[in-house]
Amino acid sequence: MTMHFFIDTYVIPGLIMVGQSLLLLVALLIFVAYIIYADRKIWAAVQMRRGPNVVGPWGLLQSFADMLKFIFKEPVIPAVSSKVVFLLAPLVSVTLGLAAWAVVPVADNWVVANINIGVLFIFAVSSLEVYGVIMGGWASNSKYAFLGALRSAAQMVSYEVSMGFVIITVLLCVGSLNLTDVVMSQQDGIGTMLGLAPSFLDWHWLALFPMFIIFFISALAETNRPPFDLPEAESELVAGFMVEYGSSPYMLYMLGEYVSIVLMCAMTTILFLGGWLPPYDHAILNWIPGIFWFVLKTCMVFFMFSLVKAFVPRYRYDQLMRLGWKVFLPISLFMVFATALVLQITGWAP
Amino acid sequence: MGLTAIFFYVFAMGTVASAFMVIVTRNPVHAVMFLILAFVNAAGIFMLNGAEFLALLLIVVYVGAVAVLFLFVVMMLDVDFAELREGFLQYLPMGGLVGLIVLAELLMVLGAWTFAPGAVGEAVQPIPDLNQISNIEALGNLLYTRYIFFFQLAGLILLVAMIGAIVLTLHHRENVKRQDIGTQVARSRESAVEMRKVKSGEGL
């Protein structure tokens, strides 16, 4: 193997991939900083408060000020905790959250790894995220943290099941597990069947309507967002599995949580809202780059997330479990069956 | 090829080292965590060999579901190690026998590979080239046509096991107050809240 060959096959593609990943991560982290700001602002607006408005113009630098505050605080590690696991848990949480973004296409061909099993990869990574919670709760060596972790983990595992079935219905209509194919298959659908130009009517949200709602609610539960934020329950409990965490490890947990919230918004966009496709087939709309539509749709889904947080009262734990196992699971299982049947009978199956 | 080999050795050593740590560590929770690490490394080896579906299935099913249950159980149990050590000699013959059988089987598999290369080649189904068809498509085509009977049989066994577990653990006790979601939801404002004027100094 000559040096030249080595550089051409490994070094240059490797550097390109590192560059792409860095670009994605930096963009994602800045996006998350402003998503947190938007979350607080929207919440404040619903409650007729001002929200963060001191740091920078309109409080735009609030998230960065918070980050600096967390970093310069002293991390406190409980005396009889399992130290390695205690510090590893928030890292696991944030690393997995960021790793899933490797396969998310943000525009046509704008993806770090365009693999054939992208959906499965995201599903696998998000099923691992429960470990950040369990490890943190256990390593804290505190009963509050441990019980919080158990509740959190049970919740995440329960809603993953119905979420999996929802994803399967989408995949049945697409015929591929590649996320780019999922978006591309939404170029034609109900709208074009009725003889209209390609538009937002073709996207899966309309064809698979109840699934869209179930996915949205499951995403709320999966990311421990209100009204399913029982482990944290800010107004009635201590902060669930992260009671013992402070400073940078706590910041990593919060970051991981918001990264996976944004990931769920992006997944809703890709699976049901047509990814980077423009809402109507028109020269001007087509000229706007796809990344704009993708970010716009993701922000819109997040706007719904934060409105739900502001409006909906918290569920009881038994109501949460009943909703997951006795309502969503049978409905989504039935829909998998129904979708497969319709696709088979009509011959629309790809 | 060089890079693949390096990755293979990283994953292989990771698997063996973490499997070793599973039986060496004193803390059972740490042991389960090393077991998870071993699963993830094994998934990496699958991935290197082009079995990406199997790799991710290993992570979703074993790491994401089975090991979580393991971890729950081990965390809840209060395992006393001094007590466990006492019974060590008692279980040694049985454990040793199982170990010997596994070792013999592994040797037979590896031996067949070396002594009769043809036998291994015949056992493998002809699979289409990876460039023509994706991993999942190939598996699905085989699983839902040729092996559909075995596939459904496996599902049936799991169903029976699940029903069995439910029947064993479900005791429907009488005289317990239960929630009836239907009546809870059907309650109207009139039946739940009543407005009354209360004069000051007097109760209701």
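What this report covers is the structure whose coordinates are included nearby. Just so it is clear, the model here is predicted, and its values are computed rather than measured. (Residues numbered from 1 in each chain as written. Chains lettered and ligands numbered in written order. Predicted model: local features only at pLDDT ≥ 70, side-chain atom pairs only at ≥ 80, totals over all residues. Heavy atoms only, no water.)

## Observations concerning the layout of surface pockets
No. 1: Roughly 1,400 Å³ of volume is contained in the second largest pocket.
No. 2: The wall of the second largest pocket is formed by 36 residues, among which A:Leu96, A:Leu128, B:Phe11, B:Val40 and B:Ile59 lie closest to the centre.
No. 3: Residue assignment for the lining of the second largest pocket shows that the elements contributing at least two residues are helix 1 (3-46), helix 3 (83-99), helix 4 (118-128) and helix 5 (130-139) of chain A together with helix 1 (2-24), helix 2 (28-48) and helix 3 (52-76) of chain B.
No. 4: No other element matches helix 2 of chain B, which puts eleven residues into the lining of the second largest pocket. (1 Å grid on protein atoms, 1.4 Å probe; cavity = no way out; pocket = protein on both sides within 12 Å on 5 of 7 lines; lining within 4 Å. Points joined across faces, edges and corners; volume = space filled by probe spheres on them. Helix = DSSP H or I, 4+ residues; strand = E, 2+ residues; numbered from the N terminus.)

## Quick look at the environment of A:Ala124
No. 1: Within the element layout of this structure, A:Ala124 appears in helix 4.
No. 2: Between the C-alpha atom of A:Ala124 and that of A:Thr192, which follows or precedes it by 68 residues, the distance is 34 Å.
No. 3: Leave out the neighbours within four places in its chain, and A:Ala124 touches B:Leu56, B:Ile59 and B:Val60. (Contact = heavy atoms within 4.5 Å.)

## Considerations on the packing of helix 5 of chain A against helix 3 of chain B
No. 1: For the pair helix 5 of chain A and helix 3 of chain B, the least separation of the axes is 11 Å and the interaxial angle reads 10°. In this view, helix 5 of chain A runs roughly parallel relative to helix 3 of chain B, as classed from their interaxial angle. On the side of helix 5 of chain A, the interface is formed by A:Val130, A:Tyr131, A:Ile134 and A:Trp138, while helix 3 of chain B contributes B:Val63, B:Ala67, B:Val68, B:Leu71, B:Phe72 and B:Met75.
No. 2: Here the residues of the contact of helix 5 of chain A with helix 3 of chain B sort into ten nonpolar, no polar and no charged. (Axes fitted to C-alpha atoms, helices over the stretch in contact; angles between N-to-C directions. Parallel < 35°, antiparallel > 145°, perpendicular 65-115°, else oblique. Nonpolar A, V, L, I, M, F, W, Y, C, P; charged D, E, K, R; others polar.)

## Some thoughts on unusual backbone geometry
All names here are of chain A.
No. 1: Cis peptide bonds are those with omega within 30 degrees of zero, and the linkage from Pro 226 to Pro 227 qualifies with 5°.
No. 2: For Pro 227, the position within the fold is in the loop between helix 10 (209-222) and helix 11 (247-272).
No. 3: Unlike most non-glycine residues, Asn 109 shows phi in positive territory, near 70°.
No. 4: By the secondary structure assignment, Asn 109 is in the loop between helix 3 and helix 4.

## Quick look at the interface of chain A and chain B
For interface size, the figure often reported is the accessible area lost on association.
No. 1: Counting residues at the interface gives 25 residues for chain A, matched by 26 residues for chain B.
No. 2: When the buried area of chain A at its contact with chain B is split by residue, A:Ile117, A:Tyr131 and A:Trp138 rank highest and sum to 26% of it.
No. 3: Counting every contact that joins chain A to chain B gives zero salt bridges.
No. 4: The set of elements that each furnish at least two residues to the side of chain A that touches chain B consists of helix 4, helix 5, helix 6 (143-174) and helix 14 (317-346) of chain A.
No. 5: With six residues, helix 4 of chain A is the single largest residue contributor to the side of chain A that touches chain B.
No. 6: The class makeup of the residues in the side of chain A that touches chain B is 19 nonpolar, three polar and three charged. (Buried area = accessible area lost by both parts, 1.4 Å probe. Salt bridge = Lys/Arg side-chain N within 4 Å of Asp/Glu carboxyl O.)

## Some points on empty space enclosed by the protein
All names here are of chain A.
No. 1: The tally for this structure, following the rule as stated, stands at two cavities of 30 Å³ or more.
No. 2: Empty space within the largest cavity amounts to approximately 160 Å³.
No. 3: Lining the largest cavity are 14 residues, with Ser 93, Val 133, Met 156, Glu 257 and Ser 260 sitting closest to its centre.
No. 4: Looking at the lining of the largest cavity, the elements that each hand over two or more residues are helix 5 and helix 11.
No. 5: In terms of residue count, the dominant contributor to the lining of the largest cavity is helix 11 (four residues).
No. 6: Reported here for the second largest cavity is a volume of approximately 70 Å³.
No. 7: Together, Ile 122, Phe 123, Ser 126, Glu 160, Met 163, Ile 167, Phe 215, Glu 222, Met 264 and Met 267 line the second largest cavity.
No. 8: Considered class by class, the residues forming the lining of the second largest cavity number seven nonpolar, one polar and two charged.

## Things to note about helix 2 (residues 62-72) of chain A
Residue and element names in this part refer to chain A.
No. 1: Within helix 2, the full set of buried residues consists of Gln 62, Ser 63, Asp 66 and Phe 70. Along helix 2, the residues classed as buried sweep out an arc of 95° about the axis, all on the same side.
No. 2: Of the surrounding secondary structure, the elements contacted by the buried residues of helix 2 are helix 1 and helix 11. (Buried < 20%, exposed > 50% of the residue type's maximum accessible area, 1.4 Å probe, protein only. Arc of directions from axis to C-beta.)

## Side note on the packing of aromatic side chains
In this description, an aromatic ring pair is defined by two values, namely the gap between the centres and the angle between the planes.
No. 1: Following the criterion strictly, the structure yields 18 aromatic pairs over all chains and no others.
No. 2: Ring geometry for A:Phe241 versus A:Tyr253: centroids 5.2 Å apart, planes at 75°, classification edge-to-face. Taken together, the residues span a long stretch of sequence, with A:Phe241 in the loop between helix 10 and helix 11 and A:Tyr253 in helix 11 at a distance of twelve residues.
No. 3: Between B:Phe8 and B:Tyr9, the aromatic rings sit 5.4 Å apart at their centres with planes inclined by 70°, giving edge-to-face as the arrangement.
No. 4: An aromatic cluster of three or more residues is present, and its members are A:Phe86, A:Phe241, A:Tyr245 and A:Tyr253.
No. 5: One cation-aromatic arrangement involves A:Lys297 over A:Trp203; the distance from NZ or CZ to the ring centre is 3.8 Å. (Phe/Tyr/Trp six-rings, centres within 6.5 Å; stacked < 30°, edge-to-face > 60°. Lys NZ or Arg CZ within 6 Å of the ring centre and 35° of its normal.)

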